[in-house]
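# Observations on the three-dimensional arrangement
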Amino acid sequence: MSGQPYRREGATGRVLRFRFDGQEYEGLEGDTLASALLANGVRAVASSIRLGRPRGVYAAGCEEPNALVQIEEPFPEPMLQATTVELYDGLVATGLPGQGRLADRPDPARYDAVHAHCDVLVVGAGPAGIAAAGVAARAGARVILADERPEPGGSLLGTAETLDGRPGREWAAGEVAALAALPEARVLGRTTVLGHYDDNYVIAVERRTNHLGAAAPAEMARERVWRIRAKRVVLATGGHERFVAFAGNDLPGVMLAGAARTYANRHRVLPGRRAVVFTTNDSAYAAALDLADAGVEIAAIADVRQAPGEAWAARCAERGIEVLTGHVVTAARGEGEVSSVETAPRSKTQGAGGETREIPADLLLVSGGWSPVVHLFSQSGGTLRYDEGLGAFTPGEARQAVEAAGFARGVTTLRGCLEDGAEAGRRALSAAGLAVPSEIAVPAVGEEPPAAPAEHLWLVESGDYGTHFVDLQRDVTVGEVLRAVGAGLSSVEHVKRYTTAGTAHDQGKTSGLLTSGVVAHALGVEVAELGTTTFRAPYTPVSFAALAGRDRGPLHDPVRVTAMHEWHVARGALFENVGQWKRPWYYPRPGEDPGEDMEAAVLRECRAAREDVAAMDASTLGKIDVVGPDAAVFLDRLYTNMMSTLRAGSIRYGVMCRADGMVFDDGTVIRLADDRFLVTTTTGNAAAVLDWMEEWLQTEWPDLRVHCTSVTEQWATVALVGPRSREVLARLAPGLAVDNDSFPFMTWRDTEVAGIEARVCRISFSGELAYEINVSSWSGLALWEAVMASGEVTPYGTETMHVLRAEKGFPIVGQDTDGTVTPQDLGMEWIVSKKKADFVGKRSFARADTSRPDRKHLVGLLPEDPGVLLPEGAHLVATSSLPEPPVPTLGFVTSSYRSAALGRTFALALVSGGRERAGERLYAPVGADLVPVTVTSHVLYDPEGARRDG
Amino acid sequence: MLLIPCPWCGPRDEAEFHYGGQAHVAYPEDPAALSDEEWARYLFFRDNPKGLFAERWSHTAGCRRWFNAVRDTATNEIHAVYRVGEPRPVIA
């Protein structure tokens with residue numbers, strides 16, 4: 001054990017090797033990184049974020065404000081508390097100067113999520129939590145008991161108490177093992193409850209393999225997020241000890257008294273050799289005596305009270321420990337760590353007389369009292385109230401089916417916590433409607449001396465508050481809090497934001513109440529009046545990786561592919577995400593090295609569609625079956641144009657607006673029968689359009705007899721485009737009369753295409769002669785392969801589709817519109833019916849705002865240099881040099897392409913009063929340049945529509 | 001995360017629902033007869049009370065039915081759910 005000079009005799013366990021700040025050390029199985037560092041005499045673990053002051057281990061749990069470390073191996077992880085990192089063989093860590101570094105490589109670990117429901121969720125497996133869970137689970141309730149530590153026991157792990165004659169740790173392990181064996185109980189160790197939301201929805205993170213280091217099995221999720229819906233929650237979350245603000249209270253060697261007790265008892269580590277204890281309450285006496293028993297010399301106990309608990313004073317006297325009543329610690333001193341402690345009568349700090357003493361010591365144990373952990377109770381909507389006896393906030397009124405038990409609601413004795421937990425368990429049973437046992441045995445515990453009242457001291461008065469730290473992690477001192485108050489801030493929320501006290505990743509667990517105390521002191525008011533800052537989730541930091549779980553990479557969002565997808569992949573298509581769909585973007589010509597780039601591919605595909613014949617997989621278009629006797633009336637109310645006059649066998653283009661008159665979606669409407677329409681929507685808007693239809697039908701027009709069904713997935717669609725498309729179709733569908741008179745534009749025919757039952761529509765989104773061939777999805781690939789079989793049809797992707805439609809001035813909803821654009825703005829007055837009495841959006845077209853002459857209109861733009869491609873989103877200004885900001889913008893580019901048909905670049909844009917600007921020169925600021933462009937009609941290709949019929 | 005009692009499916013997680021804003025804001029009988037201000041009030045103005053609020057929900061990832069709920073916006077407690085077209089229940 002010579003390698004661990006501060007390890008107590010008789011400590012057992014496997015020896016683990018680790019490296020910290022480049023030094024090799026040994027620790028024992030069961031250590032945290034903090035206890036192992038203390039065992040090796042490492043006092044300064046990290047340095048502070050703003051002042052760079054050395055900082056040591058201050059606490060023994062998740063409230064640690066100081067000992068921030070970065071794990072380097074096996075996988076980099078920043079900003080962990082040495083007090084919550086379980087030691088493992090091969091751990092490599094470094095102390096942090098307040099901030100960590102993200103890993104420079106992807107995390108190879110898996111993360112997962114579990115959903116669970118229970119009658120009772122008990123948070124915290126200390127005495128109260130074990131008692132509550134035991135009572136509820138033994139009576140048959142579905143119980144989840146979650147605890148953040150590697151083993152159950154809570155406060156019992158750090159004390160030397162016995163229950164039913166067994167050491168606390170052993171008792172807890174036995175109780176929890178028995179609980180875990182019950183069929184309806186689940187025990188989650190190493191599981192921190194992070195957030196408590198509405199209707200008892202609780203989020204917890206279970207750390208499954210972090211403590212195994214490199215030995216972690218790769219197939220096991222490293223962390224698992226538990227999403228628990230509980231009928232009732234019992235918060236047995238215990239308490240956190242506070243410190244007191246005095247000079248040098250951040251020096252390594254200053255430690256919370258309860259933490260030192262935990263290190264001595266649980267980890268068999270001495271946090272120092274010679275200690276001074278500074279306390280406001282009885283709890284530090286138990287720590288002092290346990291440490292004395294462990295071999296630490298207790299030089300003196302400075303108790304701010306005149307009257308400490310008599311039993312404790314007597315026990316100190318027995319051991320010859322000096323108790324300085326009515327005393328405070330005025331300063332911790334030393335170079336880089338504590339070497340002496342200055343004490344004085346409290347009266348002296350308040351201006352009266354008295355002797356100061358400088359006591360040599362390497363350890364200063366502080367207890368400023370204990371605060372119940374009310375974070376989750378507060379998050380759940382419960383109120384807090386100030387408990388004068390504790391000098392801390394305790395749960396008040398609950399807003400949900402939640403209660404606190406044990407110290408979390410201010411019960412201070414072990415027996416009291418066990419009984420309180422059992423009562424909470426009984427209440428949970430009756431709330432769940434289960435039989436409540438009449439007699440509940442509570443384990444026998446040792447006599448606890450009657451407690452003397454604590455005295456609440458927040459700061460030791462001084463002329464210099466420069467090193468009286470309030471928030472150790474944020475380096476906030478009493479001096480800064482006083483400056484904030486001096487600046488006129490009187491709310492702790494404001495002081496928090498002004499000083500940053502309580503905003504570090506420990507969320508002010510040790511500093512929150514202390515800050516309130518110092519502000520109250522400065523303002524001369526009671527802490528009770530001042531309150532606390534708001535408690536927010538997460539209770540402890542959580543990694544994004546854990547929250548993301550499996551929802552990353554291909555599982556981040558569902559991926560939708562069409563029936564023809566494998567053909568596109570095999571052909572080497574590049575894909576574009578359109579909503580959840582993967583659509584072929586363009587098809588570089590195969591077998592070339594270097595491969596064809598996008599510009600060349602798209603120009604080639606466009607030429608094929610305009611001059612020859614080309615095909616696109618259009619299966620992703622949204623398709624909704626609208627059926628019922630009132631279907632025509634219904635569509636008349638939703639579309640701006642008339643749909644009821646459409647004859648079966650025909651097709652009409654339509655636009656839908658929101659009630660505010662702005663374009664919401666567009667597409668074609670196919671009338672299949674008097675009472676049946678097939679509506680197509682834009683690819684990304686299919687679900688929204690179906691929701692829109694359902695909303696109107698269910699909430700406004702329940703009298704209409706109409707059913708809407710999504711059939712997007714049921715159909716596969718091939719758009720066959722180009723002057724030779726008729727000839728190709730005729731060959732594929734010998735039974736179909738394809739001449740223009742037999743099969744005119746905007747009609748549909750049921751036939752067989754390549755032997756497959758098909759519905760062929762004469763629709764064009766390019767201005768060319770074109771057909772959309774629809775077949776059952778099951779036959780989509782076969783149809784596509786049949787169209788492609790002769791090799792004469794060029795496959796094209798979404799980029800070419802975009803260029804072709806833009807050349808014709810066809811807008812894409814969501815690209816050329818943004819929810820502020822009317823059909824009139826798009827130059828589509830013709831689609832807005834004058835005959836219909838009403839339709840959704842009609843009244844808005846009579847608003848003054850929708851007829852302003854300076855509304856943005858959809859126009860075409862031709863850069864004066866035909867080779868310049870404007871970036872989409874570029875703004876447009878009227879002047880050839882930019883005035884001083886703010887620069888008035890006339891509009892912006894919505895679509896911009898190179899056109900094979902026009903032999904130049906072009907763009908579509910929304911421009912203020914754009915239609916009146918035809919021929920005007922505007923400028924697009926692009927980088928440092930102002931690119932001159934000419935405004936034109938938005939229809940740039942074949943404006944007379946001569947190509948439509950082939 | 002609310003637990004919302006869908007009148008058709010029972011209590012379900014909030015993630016299954018779409019919010020629809022204030023309930024009982026009917027589409028005007030004759031929009032053409034409204035002044036610009038009245039139409040603007042229908043389009044753009046909604047209540048935002050602290051306390052009980054009748055609002056619309058749609059169980060989009062479940063039965064896809066719209067219904068109304070009376071929720072306390074200060075506590076998130078849902079006091080009642082009822083079907084579209086039914087009057088707002090009186091909450092004591």
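Throughout this description, residue numbers start from 1 for each chain and increase along the sequence as written. Here the convention is simple: chains get letters from A, ligands get numbers from 1, in the order in which they are written. Owing to the predicted nature of the model, reporting of local features is limited to residues with pLDDT of at least 70; listing and counting of side-chain atom pairs is limited to 80 or more, with chain, interface and lining totals taken over all residues. Side-chain figures throughout are based on the complete set of non-hydrogen atoms in the structure, without hydrogens or water.

An unreviewed UniProt entry annotates chain B as Sarcosine oxidase subunit delta of Microbispora maris.

The subject of this paragraph is the overall build of chain B. Helix and strand content of chain B: one helix and six strands. For helices the rule is a DSSP run of H or I covering at least 4 residues; for strands it is a run of E covering at least 2, with both sets numbered from the N terminus onward. Moving toward the C terminus, one meets the helices and strands of chain B in the order β-β-β-α-β-β-β. Dimensions of chain B, computed from the C-alpha atoms along their principal axes, are close to 40 × 30 × 20 Å. Note on contacts: a residue pair qualifies if any of its non-hydrogen atoms lie within 4.5 Å across the two residues. Looking at chain B alone, contacts between residues at least 24 apart form 45% of all its contacts between residues at least 6 apart. Areas reported here follow the Shrake-Rupley algorithm with a probe of radius 1.4 Å; residue values treat only the protein chains shown as occluding. A total accessible area of about 5200 Å² is found for chain B, and carbon and sulfur atoms account for 50% of it. In this tally, Lys and Arg are treated as positive and Asp and Glu as negative; His is ignored, and so are the chain termini. For charged residues, the charge sits on one atom: NZ in Lys, CZ in Arg, CG in Asp, CD in Glu. For chain B, the centre of its 10 positive side-chain charges and the centre of its 13 negative side-chain charges are spaced 6 Å apart.

This paragraph deals with the interface of chain A and chain B. Counting residues at the interface gives 24 residues for chain A, matched by 27 residues for chain B. Buried area counts how much accessible surface, traced with a 1.4 Å probe, disappears from two parts once they are put together, with both parts' losses summed. Note on chain A versus chain B: buried area summed over both sides is about 2200 Å², and carbon and sulfur give 48% of it. Broken down residue by residue, the surface that chain A buries against chain B is led by Arg229(A), Gln698(A) and Arg843(A), which jointly contribute 28%. The salt bridge criterion pairs a side-chain nitrogen of Lys or Arg with a carboxyl oxygen of Asp or Glu, the two atoms within 4 Å. Along the contact surface separating chain A from chain B lie four salt bridges.

On to the sheet that holds strand β5 (residues 66-72) of chain B, then. By this definition, two strands are paired if DSSP reports at least two bridges between them. Strand order in the open sheet formed by four strands is β3-β4-β5-β6 (chain B), and the pairing between neighbours is antiparallel. Edge positions in the sheet fall to β3 (18-22) and β6 (78-83) of chain B, since each has one partner strand and no second. Neighbour to neighbour, the strand axes of the sheet diverge by 30° on average, direction disregarded. In this structure, β3(B) lies alongside strand β4 (residues 52-58) of chain B, joined through three bridges in antiparallel fashion. Following the sheet pairing, Tyr19(B) is matched in β4(B) by Trp57(B). Structural elements are reduced to axes, namely lines fitted to C-alpha atoms, with helices fitted over the stretch in contact, and the angle between N-to-C directions of any two is expressed from 0 to 180 degrees. The sheet strands contacting helix α18 (residues 686-699) of chain A are β3, β4 and β5 of chain B, and the helix crosses β5(B) at an angle near 80°.

Residue and element names in this part refer to chain A. Here, a disulfide means two cysteine sulfur atoms that sit within 2.5 Å of each other. The final tally for this structure, using the stated rule, is zero disulfides over all chains. The structure places no disulfide on Cys-62, whose sulfur is separated from the nearest cysteine sulfur, that of Cys-417, by 17 Å. Relative accessibility thresholds used throughout: buried, under 20% of the residue-type maximum; exposed, over 50%; partly exposed, between the two (1.4 Å probe, protein chains only). According to the relative accessible area criterion, Cys-62 is buried, its value standing at 6%.

What follows concerns the sheet that holds strand β7 (residues 91-95) of chain A. All names here are of chain A. Across the sheet, five strands lie side by side as β2-β1-β7-β5-β6; this open sheet has mixed pairing. Every interior strand has two partners, whereas the edge strands, β2 (23-28) and β6 (77-81), have only one. On average, each strand axis in the sheet is inclined to that of its neighbour by 40°, with strand direction left out of account. Relative to β2, strand β1 (residues 15-20) runs antiparallel, the two being bridged by six bridges. Counted as the bridge partner of Val-15 is Leu-28 from β2.

Residues and elements named next belong to chain A. Relative to each other, helix α10 (residues 478-486) and helix α12 (residues 512-523) sit at 50°, their axes nearing to 10 Å. The angle between α10 and α12 places the two elements in the oblique class. As for the relative orientation of α10 and α12, their crossing is right-handed in sense. Contacts between α10 and α12 involve Val-478, Val-481, Leu-482 and Val-485 from the first element and Val-518, Val-519, Ala-522 and Leu-523 from the second. Any angle from 65 to 115 degrees is called roughly perpendicular, while one under 35 is roughly parallel, one over 145 is roughly antiparallel, and all others are oblique. For any helix crossing, the convention is left-handed if the near helix is rotated counterclockwise from the far helix by under a right angle, and right-handed if that rotation is clockwise.

Below, the discussion takes up the packing of aromatic side chains. In this description, a pair of aromatic rings is defined by centroid distance and the angle of the planes. Residue and element names in this part refer to chain B. The aromatic pairing rule takes the rings of Phe, Tyr and Trp, using the six-membered ring of Trp, and pairs them if the centres are within 6.5 Å, calling planes under 30 degrees apart stacked, those over 60 edge-to-face and the rest tilted. Enumeration over the complete set of coordinates arrives at 24 aromatic pairs over all chains. Seen from their ring centres, Tyr-27 and Tyr-42 are 5.8 Å apart, and the 80° between their planes marks the pair as edge-to-face. Of the two residues, Tyr-27 is situated in the loop between β3 and α1 (36-44) and Tyr-42 in helix α1; the sequence distance between them amounts to 15 residues. Across this residue pair, the class does not change: Tyr-27 and Tyr-42 are buried. Charges are assigned to positions over rings by a cutoff of 6 Å between ring centre and Lys NZ or Arg CZ, combined with an angular limit of 35 degrees from the ring normal. Above the plane of the ring of Trp-8 lies Arg-65, whose end atom (NZ or CZ) is 4.2 Å from the centre.

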